Amino acid sequence: MIKYNSKAWFTFIFHIHKADTFRKLWPMMLGVGAFSGLIAFLELHFFKLSESNAVSNINMMHSVLGFVISLLLVFRTNTAYDRWWEARRLLGELTNVSRNLAIKIKSLKLNREDHEFFNYGIPKYAFALKEHLREKQYFGKNSFLIEVDGGKHIPNQIAGSLTARIYDLVAAGKLSGEQQIILSADLSRFTDICGGCERIKKTPIPFSYSTFIKKFLFVYVITLPFGWVFSLGFFVVPIVPFILYVLASLELIAEEIEDPFGNDANDLPVDDICNNIEKHIAEILG
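(A) Examining the overall build of the chain more closely. Counting secondary structure elements, the chain contains 11 helices and 0 strands. Taken from the N to the C terminus, the helices and strands of the chain come in the order α-α-α-α-α-α-α-α-α-α-α. Partitioning the contacts of the chain with sequence separation of at least 6, the portion at a separation of at least 24 is 76%. Carbon together with sulfur atoms contributes 62% to the accessible area of the chain, which is approximately 16100 Å² in total.

(B) Region of interest: the packing of helix α4 (residues 59–107) against helix α10 (residues 236–257). At a minimum axis separation of 8 Å, α4 and α10 run at an interaxial angle of 25°. Taken together, the axis directions place α4 and α10 in an arrangement best described as roughly parallel. α10 is crossed by α4, and the crossing has left-handed handedness. Along the contact surface, α4 presents Ile69, Leu73, Arg76, Thr77, Ala80, Tyr81 and Trp84, while α10 presents Leu247, Leu250, Glu251, Ala254, Glu255 and Ile257. Broken down by class, the residue content of the contact of α4 with α10 amounts to 9 nonpolar, 1 polar and 3 charged.

(C) Focus on the packing of aromatic side chains. Overall, the coordinates contain 7 aromatic pairs when judged by the stated rule. Consider the rings of Tyr125 and Phe190, whose centres lie 4.8 Å apart with planes at 20°: the pair is stacked. Placement of Tyr125 in helix α5 (residues 112–133) and of Phe190 in helix α7 (residues 177–202) is noted, with a sequence separation of 65 residues between them. Across the pair, Phe190 and Tyr125 agree in class, each one buried. Consider the rings of Phe212 and Phe216, whose centres lie 5.7 Å apart with planes at 35°: the pair is tilted. A residue pair is termed a helical-turn pair when its members lie 3 or 4 positions apart in one helix, as Phe212 and Phe216 do in helix α8 (residues 207–222) at 4 residues. Under the relative-accessibility criterion, Phe212 is labelled partly exposed at 46%. Lying over the aromatic face of Phe117, Arg165 brings its terminal NZ or CZ to 4.4 Å of the ring centre.

(D) Structural detail: the environment of Arg189. Secondary-structure assignment places Arg189 in helix α7. Since its relative accessible area comes to 26%, Arg189 is described here as partly exposed. Here the alpha-carbon distance between Arg189 and Glu93, two residues 96 residues apart in the chain, equals 8.8 Å. Sequence-distant contacts of Arg189, defined by excluding residues within four places in its chain, comprise Glu93 and Val97.

(E) Representation of the packing of α5 against α7. Two elements in contact, α5 and α7, have axes whose closest approach is 11 Å; the angle formed by their N-to-C orientations is 15°. Judged by the angle between their axes, α5 and α7 are roughly parallel. Pair α5 / α7 crosses with right-handed handedness. Together, Ile122, Tyr125, Leu129, His132 and Leu133 of α5 and Phe190, Thr191, Ile193, Cys194, Cys197, Glu198 and Lys201 of α7 make up the contact between the two elements. Split into classes, the residues belonging to the contact of α5 with α7 amount to 8 nonpolar, 2 polar and 2 charged.

Reading guide: rules and limits
- Residues numbered from 1 in each chain as written.
- Predicted model: local features only at pLDDT ≥ 70, side-chain atom pairs only at ≥ 80, totals over all residues.
- Heavy atoms only, no water.
- Helix = DSSP H or I, 4+ residues; strand = E, 2+ residues; numbered from the N terminus.
- Contact = heavy atoms within 4.5 Å.
- Areas by Shrake-Rupley, 256 points an atom, 1.4 Å probe, with all protein chains shown as cover.
- Axes fitted to C-alpha atoms, helices over the stretch in contact; angles between N-to-C directions.
- Parallel < 35°, antiparallel > 145°, perpendicular 65-115°, else oblique.
- Left-handed = near helix turned anticlockwise from the far one by under 90°.
- Nonpolar A, V, L, I, M, F, W, Y, C, P; charged D, E, K, R; others polar.
- Phe/Tyr/Trp six-rings, centres within 6.5 Å; stacked < 30°, edge-to-face > 60°.
- Buried < 20%, exposed > 50% of the residue type's maximum accessible area, 1.4 Å probe, protein only.
- Lys NZ or Arg CZ within 6 Å of the ring centre and 35° of its normal.

Following this line, the structure appears as structure tokens:
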């Protein structure tokens, strides 16, 4: 995730960072600019269709479709941001649940071995969830404390080991039934958070909807020179690529943030969140 000063307007305007959509769109913008120049040249020097009132009014179509495409892009961007923000709320809840669980365990006055187990196991769940959402596997250091099977759902295995440890402490008389219920409530939240993150990860925008927006946007931009050349002439060469940049950038931004758990520049700082969980749990139980 990019950290920035929202008041640094000069930097935003004149600096092209690695996440800027211009880096991805400039080849297409050059192609659209060349196509627009070709259409302008043929119209102004050969066809001269502007003499026909019917043809010169073709830009009326773009006025109507422009309203439609703006609605689609607004809905697309809002939907992607809702997914991004919900993911941030779930990761924030993961942080809070981890801290609360560690604080409660610390207050129970368990022995050093039990503290070491939870000091290792609670952050390990966060790191395992992070890698799980990135379609990777996490085994962690000191894996002898909590052994996992790489062929199965690793976060579930870690949550199961933490829960089993709580039941063992109850059986050994170190925890009461009431304390078990309180700790189990926090442990169950781990699985709820994992399920919420998996829902965001595995439920992208419907394929037909995404492809329709891209096709609609492409057809809209590629037909702009035909309607605007009558009034703008060769000025369609810079204007049409700029319109492509604005409209396509909204779609690219939505694509990037709708899966917020990866390593893209605008994704959530999942690595920092997991490192903070590990740091804070160590401060509490260390």
